[in-house]
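Commentary on secondary and tertiary structure
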Amino acid sequence: MNPLLTRAEFLRLSGALLLSLSPAGHLLASDAERSPLRTRRIPASGEALPVIGVGTYRAFDISPEDREAWAACGEVLRLLFAAGGTVIDSSPMYGRAEATVGGLLDEMNAHARAFLATKVWNHGREAGLAQMEESLEYLQSGHIQLMQVHNLLDWRTQLATLREWKEQGRIRYLGVTHYTASAYPELEAVLRAEPLDFLQVNYSLDEPQAAQRILPLAQDRGVAVLVNRPFGGGNLLRRLLGQPLPAWAADYDCSSWPQLLLKFCLANPAVTCVIPGTGNPRHMHDNLQAGYGKEPDDDLAERLRGLL
Ligand SMILES: NC(=O)c1ccc[n+]([C@@H]2O[C@H](COP(=O)([O-])OP(=O)(O)OC[C@H]3O[C@@H](n4cnc5c(N)ncnc54)[C@H](OP(=O)(O)O)[C@@H]3O)[C@@H](O)[C@H]2O)c1
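A brief report on the enclosed structure follows. (Residues numbered from 1 in each chain as written. Predicted model: local features only at pLDDT ≥ 70, side-chain atom pairs only at ≥ 80, totals over all residues. Heavy atoms only, no water.)

**Some points on the pairing of strand S7 (residues 171-177)**
Of all the seven residues making up S7, six are buried; the element is thus mostly covered by neighbouring parts of the structure. As paired strands, strand S6 (residues 144-149) and S7 are joined by five bridges and run parallel to one another. Its bridge partner being in S7, Leu146 is matched across the sheet by Tyr173. In this region the chain leaves S6, passes through helix H5 (residues 155-167) and returns to the parallel neighbour S7; the handedness of that crossover is right-handed. You can see the chain leave S7, run along helix H6 (residues 184-193) and come back into strand S8 (residues 198-202), and the turn it takes is right-handed. (Buried < 20%, exposed > 50% of the residue type's maximum accessible area, 1.4 Å probe, protein only. Helix = DSSP H or I, 4+ residues; strand = E, 2+ residues; numbered from the N terminus. Pairing = 2+ DSSP bridges. Right-handed = clockwise from strand over helix to strand, strands pointing away.)

Following this line, the structure appears as structure tokens:
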């Protein structure tokens, strides 16, 4: 490193360099990305899961005719895979998002690289089954790694079906999701009563309540955790992006607010993977950097809490 540069300056400059483009217009992988993302174990199986994935809410709800948006989402997935990432979260609730993921993976011949997580979001056994079959078609995959009951909707019925599908080998893992603290009492009851492989829940610097009971319980019960809404759905980032980055961000190998906020989530040991939503390659590139460098810890989380 140039001794005339401070560590913070070095990170800022190298961050700018990382955003350079290849002749084909692709974002170039950073040195860090040439080694795969950090992983954490799924307690149910011991399988290693990369700590940064991507959420498809809103940004992937596009038509293939929208060539610009289609190419951008394709580049998001290409960057994810280039970094050794795998996790793509979707839902039948997200409009055309499942079909976009399926179409792009087909174009990229990349189904084998993806850890596909989607959801069932319906009332009743037959409607749930029909929706899951439809998801497989949209995703163009005979097998889903993780099927989740979206927002606990009719969870008793849907979990029973998910157990059947798991026994039949049509899904590898099952779980439940929610996105708001008002659902935590029910989420906690389900976590205590049902054997689950995964929980997906909101957790961020501005919505940190899951750390009180839900995340420790998931850890005790051997349940992997996907974190949704790590940027508070975007609101948190909008508040922070105009502010200067604290000088100590460089001590955690962070060169942006999104990286700090993702490392805040990963500072909790119950968290297995964070799934920030984006259809913007530059944002995906930025988010992936949170899966490298210094491992986040309580000290980082405490410093960030002090900023709000
Ligand atoms: N009940 C449930 O199961 C549930 C509920 C909510 C969410 N989810 C899942 O969790 C995922 C994440 O949640 P979310 O998408 O609602 O919220 P989020 O990840 O907290 O925030 C997404 C917003 O942040 C922006 N963004 C992402 N990376 C950025 C970056 N590096 N710099 C600047 N802006 C950035 C995105 O815009 P751009 O597209 O412009 O990057 C988007 O507006 C969803 O996509 C979905 O898969 C599940």
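**Details of unusual backbone geometry**
Here the phi dihedral of Leu152 falls at roughly 60°; this positive angle occurs in a residue that is not glycine. Mapped onto the fold, Leu152 is located in the loop between S6 and H5. Even without being glycine, Arg229 reaches a positive phi, approximately 50°. With respect to the helices, strands and loops of the structure, Arg229 is situated in the loop between strand S9 (224-228) and helix H8 (235-240). With relative accessibility at 30%, the residue Arg229 sits in the partly exposed group.

**So, the packing of helix H3 (residues 97-108) against helix H4 (residues 125-139)**
For any two helices packed against each other, one specifies the crossing angle of their axes together with the interaxial distance. Axis separation between H3 and H4 bottoms out at 6 Å; the angle between their running directions is 40°. Considering their axes alone, H3 and H4 lie oblique with respect to each other. Taken together, the residues of H4 that come into contact with H3 (itself represented by Glu98, Ala99, Val101 and Gly102) are Ser135, Tyr138 and Leu139. Here the residues of the contact of H3 with H4 sort into four nonpolar, two polar and one charged. (Axes fitted to C-alpha atoms, helices over the stretch in contact; angles between N-to-C directions. Parallel < 35°, antiparallel > 145°, perpendicular 65-115°, else oblique. Contact = heavy atoms within 4.5 Å. Nonpolar A, V, L, I, M, F, W, Y, C, P; charged D, E, K, R; others polar.)

**What about the packing of helix H9 (residues 257-266) against helix H11 (residues 298-305)?**
At a minimum axis separation of 9 Å, H9 and H11 run at an interaxial angle of 120°. Between H9 and H11, the interaxial angle falls into the category oblique. Once H9 is placed against H11, the crossing between them reads as left-handed. Across the interface between the two elements, Trp257, Leu260, Lys263 and Phe264 from H9 touch Leu300, Ala301, Leu304 and Arg305 from H11. (Left-handed = near helix turned anticlockwise from the far one by under 90°.)

Limitation: the analysis is restricted to geometry and does not speak to function.
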